[in-house]
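Geometric and topological summary
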Amino acid sequence: NTLSMNIQEANKLIAEFMGDEHLPIPRLHFYHNSWDWLMPVIDKVKSIDHDWIDQEAQHIIDEIDHALTCCWGMEDVYRYTVEAIMNYNEWKYGK
């Protein structure tokens, strides 16, 4: 659940997903407050293995798209992106 995860934990999850888990801790703070850091994550979420895209995953991706097109703000886009990564990790690794 993204609500139970703090920003640092969520940013670490994103860094691991992006293969950046060895970034120094201060650099991990950019995913939640920089479009330049978040947009490549969204691109990767949308381009990963299509076997993962079930109804729940598609709903999350649709929410990301909706948040982007309706200008909901970075906080919502970030939250849905973290949720998508959590869903993907559960599918891929069973965690």
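Definitions and limits used
Residues numbered from 1 in each chain as written. Predicted model: local features only at pLDDT ≥ 70, side-chain atom pairs only at ≥ 80, totals over all residues. Heavy atoms only, no water. Helix = DSSP H or I, 4+ residues; strand = E, 2+ residues; numbered from the N terminus. Expected span 1.5 Å × (residues − 1). Buried < 20%, exposed > 50% of the residue type's maximum accessible area, 1.4 Å probe, protein only. Contact = heavy atoms within 4.5 Å. Core = buried A, V, L, I, M, F, W, Y, C linked by side-chain atoms within 4.5 Å. pLDDT = per-residue confidence, 0-100. Phe/Tyr/Trp six-rings, centres within 6.5 Å; stacked < 30°, edge-to-face > 60°.

Quick word on helix 4 (residues 74-93)
- The terminal C-alpha atoms of helix 4 lie 28 Å apart, and with 20 residues this matches the ideal 28 Å at 1.5 Å per residue to within 8%.
- Buried within helix 4 we find Met74, Val77, Tyr78, Tyr80, Thr81, Val82, Ala84, Ile85, Asn87, Tyr88 and Asn89.
- Contact partners of the buried residues in helix 4: helix 1 (7-18), helix 2 (35-47) and helix 3 (55-69).
- A positive backbone phi angle near 70 degrees is found at Gly94, which sits one or two residues after helix 4.

Some points on the nonpolar core
- Ile14, Phe17, Tyr78 and Ile85 are the most contacted members of the largest nonpolar core, which has 23 residues in total.
- Looking at this core, the elements that each hand over two or more residues are helix 1, helix 2, helix 3 and helix 4.
- If we skip the residues at most four places from it in the chain, Ile14 touches Tyr31, Val41, Tyr78, Val82 and Ile85.

Details of the confidence of the model for the protein chain
- Looking at the protein chain, the pLDDT average stands at 81 and 81% of residues meet or exceed 70.
- Confidence, read as mean pLDDT per element, is least for helix 3 in the protein chain (82) and greatest for helix 2 (90).

Digging into the packing of aromatic side chains
- With the rule as written, the count across this model stands at 4 aromatic pairs.
- Between Phe17 and Tyr88, the ring centres sit 5.9 Å apart and the planes meet at 80 degrees, which makes this aromatic pair edge-to-face. With a gap of 71 residues between them, Phe17 in helix 1 and Tyr88 in helix 4 connect regions that are remote in the sequence.
- On the basis of relative accessible area, Tyr88 is assigned to the buried category, the value being 8%.
- Look at Tyr88 and Trp91: their rings are 5.9 Å apart centre to centre, the planes differ by 35 degrees, and that puts the pair in the tilted class. Taken as a pair, Tyr88 and Trp91 lie in helix 4 at a separation of 3 residues, close to a single helical turn.

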